[in-house]
Amino acid sequence: MTAPALTLYGRKWCHLCDDMLAALEAMRPAWNFSVTVVDVDSDPALEAQYDEIVPVLALGGRELCRYRFDEAAVAAALQSD
């Protein structure tokens, strides 16, 4: 079974992004998933899409949470994937 692939859209200077990544890392021992961190400032289209709403955590094309980490939503998504 392939591990679910989460994508964290954020910015390098964003403390909320750092907090969300830390919360994900804390979940890693209990769940099998990968995380790709995407700096929205590296792509004008992503910057336009996510400008002031980072961090955004997505699974596939589905947004799981933004601004603050929602452990229940992430766990539910990982369980159903």
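Residues numbered from 1 in each chain as written. Predicted model: local features only at pLDDT ≥ 70, side-chain atom pairs only at ≥ 80, totals over all residues. Heavy atoms only, no water.

The protein chain appears in an unreviewed UniProt entry as Glutaredoxin from Pandoraea apista.

This next bit is on the nonpolar core. As a rule of thumb, nonpolar side chains are buried together in soluble globular proteins. Counting 15 residues, the largest nonpolar core has Leu6, Leu24, Phe33, Leu57, Leu64 and Val74 as the members making the most contacts within it. At the level of elements, strand 1 (5-10), helix 1 (15-27), strand 3 (56-59), strand 4 (62-66) and helix 3 (71-80) are the ones that each hand at least two residues to this core. Here this core gets 4 residues from one element, more than from any other, and that element is helix 3. Look past the residues within four positions of Leu24 in its chain and what remains in contact with it is Leu6, Phe33, Val35, Leu57, Phe69 and Val74. (Core = buried A, V, L, I, M, F, W, Y, C linked by side-chain atoms within 4.5 Å. Buried < 20%, exposed > 50% of the residue type's maximum accessible area, 1.4 Å probe, protein only. Helix = DSSP H or I, 4+ residues; strand = E, 2+ residues; numbered from the N terminus. Contact = heavy atoms within 4.5 Å.)

Turning our eyes to something else, we now look at the pairing of strand 2 (residues 34-39). Relative to strand 2, strand 1 runs parallel, the two being bridged by 6 bridges. When the sheet's bridge partners are listed, Leu6 is paired in strand 2 with Val35. You can see the chain leave strand 1, run along helix 1 and come back into strand 2, and the turn it takes is right-handed. (Pairing = 2+ DSSP bridges. Right-handed = clockwise from strand over helix to strand, strands pointing away.)

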